[in-house]
Amino acid sequence: MLKYFCYTAFLTFFISVFYNYSYFDYIKKYIYYNKNNSKKLFSPEELRSYNGEIKQEIYLALLGNVFDVTKGAQHYGSGQTYNVFVGRDASRNFIDGKFNDEDISDDIIGLDDKELLSLDKWLKFYKKEYKKVGLLIGKHYDDNGSLTQYGKEVRSLIKKAYKAQGIEDALKKKYPPCNIEYDAIKGSRVWCSNRSGGIERDWIGVPRQFYETGSQSYRCACISKEDLNLGNIKEYENCQLNSISCYLGNV
Ligand code: HEM
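Residues numbered from 1 in each chain as written. Predicted model: local features only at pLDDT ≥ 70, side-chain atom pairs only at ≥ 80, totals over all residues.

Bringing the sheet that holds strand β4 (residues 131–136) into the picture now. Neighbouring strands of a sheet are bound in pairs by backbone hydrogen bonds; such pairs are parallel or else antiparallel. The strand order β1-β4-β3-β2 describes an open sheet built from four strands, whose pairing is mixed. Each of the sheet's edge strands pairs with one partner strand only, and the pair in question is β1 (40–42) and β2 (59–62). Across this sheet, the average inter-strand angle for adjacent strands is 40°, counted without regard to direction. Where β2 meets strand β3 (residues 65–68), four bridges bridge the pair, whose relative direction is antiparallel. Looking at β3, one finds that Leu60 is bridged to Phe67. Contacts between helix α6 (residues 113–129) and the sheet are confined to β2, β3 and β4, with β2 contributing the most and set at about 145° to the helix. (Pairing = 2+ DSSP bridges. Helix = DSSP H or I, 4+ residues; strand = E, 2+ residues; numbered from the N terminus. Axes fitted to C-alpha atoms, helices over the stretch in contact; angles between N-to-C directions. Contact = placed C-beta atoms within 7 Å.)

Written out as structure tokens, the structure is:
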């Protein structure tokens, strides 16, 4: 019994020293990266060689995540449209669509919420369609494979963008956009139906000017009976109060 206890104590001691000792940092990294399915850390120079020529494989990075896109050589191979993304992180160009060498950038600060969400969609696309093979040391990850301050900031901006989109979607559901058409003689007409604004519902609502909080401008929204007295809702001139359709004249 005592023998077992001693063995266990010794083993525990040995493992904790082994695991914490700095010489074994690379083993910890190996365990960490396998656990996170991020097998390798790439320097920018190393990643450049994965272009289908110096190395046979074709890799690209997005938000610091490296993917093997060799199976998509018809898009990424030498001379193909999206070869510009290969061997580097060109995250910004996934959004601005600039494919010249001098425009390539991994800097995405300044993108608006919609653009950030679009970038995150690309990330999801690569995670689904291709194999992630590692992380790129640079803007997003340091040489331990941990997120840099920049990387954390970007992830927090993406999170905020999802939150803002959630709020926007909820507002759109509660106050659906009107249908709008323009006729050269009769002018603009706005109207509501039980699917206007792409929001299917069991009520129709009436067209009103809807001011979002803190905004001076309005959009046309279909407002339900219960919400007609809210402070941020105004009637259109020359439109009957209960009409589901209003001509606005030549505006
Ligand atoms: C910001 C602009 C754009 C970016 C960043 C972009 C990026 C990409 C990427 C990365 C692929 C390869 C996807 C894969 O690995 O399967 C792709 C494919 C493709 N893109 Fe674009 N693209 C852009 C604009 C456009 C435009 C404007 C068109 C059409 C006029 C277009 C048409 C296509 C087509 C047809 C494919 C091939 C789809 C397939 O074979 O499955 N792209 N795009």
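Now, onward.
Lining the immediate environment of the ligand, one finds Gly72, His75, Tyr82, Phe94 and Gly97. Per-class residue counts for the shell around the ligand are two nonpolar, three polar and no charged. (Near = placed C-beta within 6 Å. Nonpolar A, V, L, I, M, F, W, Y, C, P; charged D, E, K, R; others polar.)

Ranked by internal contacts, the top residues of the largest apolar core, which has 27 residues, are Leu47, Tyr59, Leu60, Leu62, Val66, Phe67 and Leu136. Mapped by element, the contributors of at least two residues to this core are β2, β3, α6, β4 and α7 (149–174). Considering each element in turn, this core owes the most residues, four residues, to β2. Residues contacting Val66, with those up to four places away along its chain left out, are Phe42, Leu47, Tyr59, Ala61, Lys132, Val133, Gly134, Leu135 and Leu136. Grouped together as the second largest cluster of nonpolar side chains are eleven residues, Cys178, Val190, Phe210 and Cys246 included. (Core = buried A, V, L, I, M, F, W, Y, C linked by C-beta atoms within 7 Å. Buried ≥ 20, exposed ≤ 12 C-beta atoms within 10 Å, placed from the backbone.)

Put simply, side chains in a regular strand alternate between the two faces of the sheet. The turn joining β2 and β3, which pair antiparallel and follow one another in sequence, is formed by two residues; a positive phi near 45° is taken by Leu63. Summarising the sheet, β3 and β4 pair through four bridges and their orientation is antiparallel. Paired with Val66 across the two strands is Gly134, which belongs to β4.

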